[in-house]
Amino acid sequence: MSLTAHSTVIRRLVVSPGPATVEREPVVASAAGISAVLRAFGRPPAQLPVRTVVYIGGTAPEPGLPTEHEGFTVRTAGSPGRALSLAHQELHDGTADFALVAGFGEPHPDTITVYAIRRAAEAVADDDHIVGVLDFTGTTDPDATPPVRPLRYGGRHTDPDTHRLVMWSGKGEQDEARVRGELLPQLSGLHVEGFPALPAALPSGAAPGRVRAAVVTVARLSAMAVHKAGTVTVRSPRPVTLLFPGQGSQHSAMALGLYRREPVFTAAMDAVLSHMGDEGRLIREDWLTTGRPLVPVDEAARAQPLLFAVDYALGRTVLSWGVRPAALLGHSAGELVAATLAGVVSLPDAAAMMLARVRAAERIPAGGMLAVAATEAQLRPYLGADVAIAAVNAEQQVMLAGPAGPLAETERRLRADGYTAVAVPATVPFHSPAMAPAADELEERYRSIRFREPLLPLYSGYTGELMRPEEALSPRFWARQVTDPVYFKQALESLLAVEDTLLVEAGPRQILTAFARRHRAVRLGASAAVALLPARPGTREADRQSVLKAAARLWTEGHDLDPVALSRLWTWSDEADQAGGSYGPKPRLLTPALSS
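What you see is a predicted model, and the numbers here were worked out from it, not measured in a lab. All residue numbers refer to positions counted from 1 along the written sequence of the respective chain. Selection of residues for local features in this predicted model requires a pLDDT of at least 70, selection of side-chain atom pairs for listing and counting requires 80 or more, and totals for whole chains, interfaces and linings are taken over all residues. For side-chain calculations, the full set of non-hydrogen atoms in the structure is used, while hydrogens and water are omitted.

1. Some points on empty space enclosed by the protein
Step number 1: Here the term cavity refers to a set of points on a 1 Å grid, laid over the protein atoms alone, in which a 1.4 Å probe fits but cannot get out; the term pocket refers to an open set having protein on both sides within 12 Å along at least five of seven lines, with lining residues being those that place an atom within 4 Å of a point. Grid points are joined across faces, edges and corners, and a volume is the space filled by probe spheres set on the points. Within this structure, the stated rule accounts for 4 cavities of 30 Å³ or more.
Step number 2: What the largest cavity holds in volume is close to 80 Å³.
Step number 3: Considering the residues around the largest cavity, the lining is formed by Gln247, Gln304, His331, Ser332, Met369, Ala391, Met399, Phe430 and His431.
Step number 4: Its volume calculated, the second largest cavity comes out at about 60 Å³.
Step number 5: As for the second largest cavity, its lining consists of Leu336, Met353, Arg357, Leu442, Tyr446, Trp478, Ala479, Gln481 and Val482.
Step number 6: For the purposes of this entry, the term helix denotes a DSSP run of H or I that reaches at least four residues, the term strand denotes a run of E that reaches at least two, and both are numbered from the N terminus. Those elements that place two or more of their residues in the lining of the second largest cavity are helix H10 (347–362), helix H13 (436–446) and helix H15 (475–479).
Step number 7: Charged residues are taken to be Asp, Glu, Lys and Arg, nonpolar residues to be Ala, Val, Leu, Ile, Met, Phe, Trp, Tyr, Cys and Pro, and polar residues to be all remaining types, Gly included. Split into classes, the residues belonging to the lining of the second largest cavity amount to 7 nonpolar, 1 polar and 1 charged.

Dropping the structure here:
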């Protein structure tokens, strides 16, 4: 069931801003009351979306009440129902990203009823606790509060041939053996249709033990897989760092096996592409098509926006498992994904920045990028005014970029001198001086974006260090990313010098994972690297298998994952036809939703 043209109630609270006295004064729409509304759901205002609006309904505001409070817009309406309708429309039009609708003096004179409302796709992508949907259909009284009905999104999927994850643990080796011994008869005697319904983690409802094991399997092989599985004794799990790749990692149908088969991933993809308007619709159609796409996936106009959506959706999926990353690191366009998840920029603004980036790039003469097995020092004699170092990714792994003609000549010289050089799937000379006009254009466009300091440690490939607040807040910093080289190797070294970590690549092809495995800290086993998606394009089932194996790795590392969230990978589906899987384009979850 599509949620188009509906709103989703995530939370409704009744708060009292006054002191705990026997007789309270009636509340009015004062500055203090609005401050209470902004904090009603337990988050400080600094963590609310930048474009948050407060609607006051059902009471006359205090004289002199400003139209802006604590940096947020304040609007008034004649009733809570009218305020909800106006907030719904504003979110639908894209002029706000989050709304708090407050009924002062309701249901009692000394209380405030607060609704939180946001777009449905973003609410599902953030894995919010969704109560239901505001139904505006059939409402004729503009002052009436619309009824709330349950949210229905997707449905049960119980194919026994679909791979699933089985995790179990024990307090010690004997306890693990006991749990495994109880699990094996269940798998041997279980009807295949019941296999997807087994709990994801055993013993169910108990705190995970130190001795852990996990398998990714199908019903007919499950007993043998569990019997043969090895165990890991967890001590202190390494914190997780999410890695986000950029252009060069894309391929057709990347991550398509998760779409309509994992609700958070699906909603996050829809949310990103909805913020790209008509262009997002075309990107989505090309991604889903089984024939020739309108624009090839290696074109920057397709590769970078689609990679942004896939990276972001994968990151949101990992967060929905209960993983809280200790740091984020993106490569090139992936840095914008990391910045979005770190709270530097809102999702709508990030989508606008990405579109502006590729549109500015389209006006640059044709060029490309070249991966060379050499050091930065070895390549300096081959550089010129047009060809430059584009990225330093690992030892003996450097990228060059420049206009098509000079880059082809540089490639000829390198090959003649015995270097291995491989063309990167790109048609624009990103990270070279040729992009200077685009950087100047982007800086002007980015001045209208409201940036914030990162809420999570965010490492930048453009400085090779932890991103400083002044960099995160600078339009020039973000605009120069199309011209400046990416020092991924240095950024990774800075990150791994702080502490040992489990690097999780949220993107296709495992390119950053391969770079990370060359690092001494990973080769020695102090840190480790795992990828969510396969190294090569494959089937949709292979996508799901790969994600499940990454989740198993997190579990055996010692991270306590949400088994209900994980189980959606094999029990949920929103496919139009589960038997055949029709992936034709249709609008999804694009309209406003109430949220906390």
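2. Remarks on the nonpolar core
Step number 1: The biggest cluster of nonpolar side chains holds 125 residues, and the ones touching the most others in it are Phe265, Met269, Trp287, Trp321, Trp478 and Leu503.
Step number 2: Ranked by residues supplied to this core, first place goes to helix H8 (residues 300–320) with 11 residues.
Step number 3: Leave out the neighbours within four places in its chain, and Leu503 touches Thr241, Leu243, Leu492, Leu495, Leu496, Ala516, Val522, Ala528, Ala529 and Val530.
Step number 4: Core analysis: the second largest hydrophobic core is formed by 21 residues, Ile34, Leu48, Phe72 and Ala102 among them. The term nonpolar core refers to a set of buried residues drawn from Ala, Val, Leu, Ile, Met, Phe, Trp, Tyr and Cys, joined through side-chain atoms within 4.5 Å. With a 1.4 Å probe rolled over the protein chains alone, any residue whose accessible area is under 20% of its type maximum counts as buried; one over 50% counts as exposed, and the rest are partly exposed. Residues are treated as being in contact if the distance between any of their heavy atoms lies within 4.5 Å.

3. Regarding the packing of helix H19 (residues 540–557) against helix H20 (residues 563–571)
Step number 1: Helix axes use the C-alpha atoms of the stretch in contact, all axes being lines fitted to C-alpha atoms, and the angles between their N-to-C directions lie in the range 0 to 180 degrees. Look at H19 against H20: their axes get within 11 Å of each other, and the N-to-C directions meet at 160°. The orientation of H19 relative to H20 falls into the category roughly antiparallel. As for the relative orientation of H19 and H20, their crossing is left-handed in sense. In this structure, H19 contributes Arg544, Val547, Leu548 and Ala551 to the contact, and H20 contributes Leu566, Leu569 and Trp570. We call two directions roughly parallel when the angle between them is under 35 degrees, roughly antiparallel when it is over 145, roughly perpendicular when it lies between 65 and 115, and oblique otherwise. Should the near helix be turned anticlockwise from the far one by less than a right angle, the crossing is termed left-handed; should it be turned clockwise, right-handed.

4. Details of the pairing of strand S11 (residues 164–170)
Step number 1: Counted residue by residue, S11 has 7 buried out of 7 residues, so it is predominantly covered.
Step number 2: Because side chains alternate across S11, one face comprises the buried residues Arg164, Val166, Trp168 and Gly170, and the other comprises Leu165, Met167 and Ser169, equally buried.
Step number 3: Bridging between S11 and strand S13 (residues 211–217) involves 7 bridges; their strand directions are antiparallel. Residue pairing for S13: Ser169 is matched across the bridge by Arg212.
Step number 4: Judged from the 2 bridges that link them, S11 and strand S12 (residues 201–202) form a sheet pairing that is parallel. Residue pairing in the sheet places Met167 in a bridge with Ala201 of S12. Strands are treated as partners if at least two bridges between them are detected by DSSP.

5. Digging into the sheet that holds strand S16 (residues 327–330)
Step number 1: Pairing within the open sheet is parallel, and its 5 strands lie in the order S21-S16-S15-S22-S23. This sheet does not close on itself; its edge strands, each paired only once, are strand S21 (458–459) and strand S23 (528–531).

6. Section: the sheet that holds strand S14 (residues 232–233)
Step number 1: Ordered by their spatial adjacency, 4 strands build an open sheet running S12-S11-S13-S14, and the pairing between neighbours is mixed. Since the sheet does not close on itself, it has two edges, and those belong to S12 and S14, each with one partner.
Step number 2: In this structure, S13 lies alongside S14, joined through 2 bridges in antiparallel fashion. Looking at the pairing, Val211 lines up with Thr233 of S14.

7. So, the layout of surface pockets
Step number 1: One number sums up the size of the largest pocket: a volume of about 1,200 Å³.
Step number 2: Lining the largest pocket we find 40 residues, and of these Arg43, Gln47, Asp126, Arg316 and Leu341 sit closest to its centre.
Step number 3: Tallying contributions element by element places H8 first for the lining of the largest pocket, with 4 residues.
Step number 4: Grouping the amino acids of the lining of the largest pocket by side-chain chemistry returns 19 nonpolar, 8 polar and 13 charged.

8. A look at the packing of aromatic side chains
Given two aromatic rings, one states the distance between the centres and the angle between the planes to describe the pair.
Step number 1: Pairing of aromatic side chains requires ring centres within 6.5 Å, counting the rings of Phe and Tyr and the six-membered ring of Trp. Pairs whose planes differ by under 30 degrees are stacked, by over 60 edge-to-face, and all others tilted. Scanning all chains against the criterion turns up 7 aromatic pairs.
Step number 2: For the ring pair Phe308 and Tyr312, a centre distance of 6.2 Å and an interplane angle of 5° mean the geometry is stacked. On the criterion of helical spacing, the pair formed by Phe308 and Tyr312 is a turn pair, its members being 4 residues apart in helix H8.
Step number 3: A residue is classified by how much of its surface remains accessible, and Phe308, at 2% relative accessible area, is buried.

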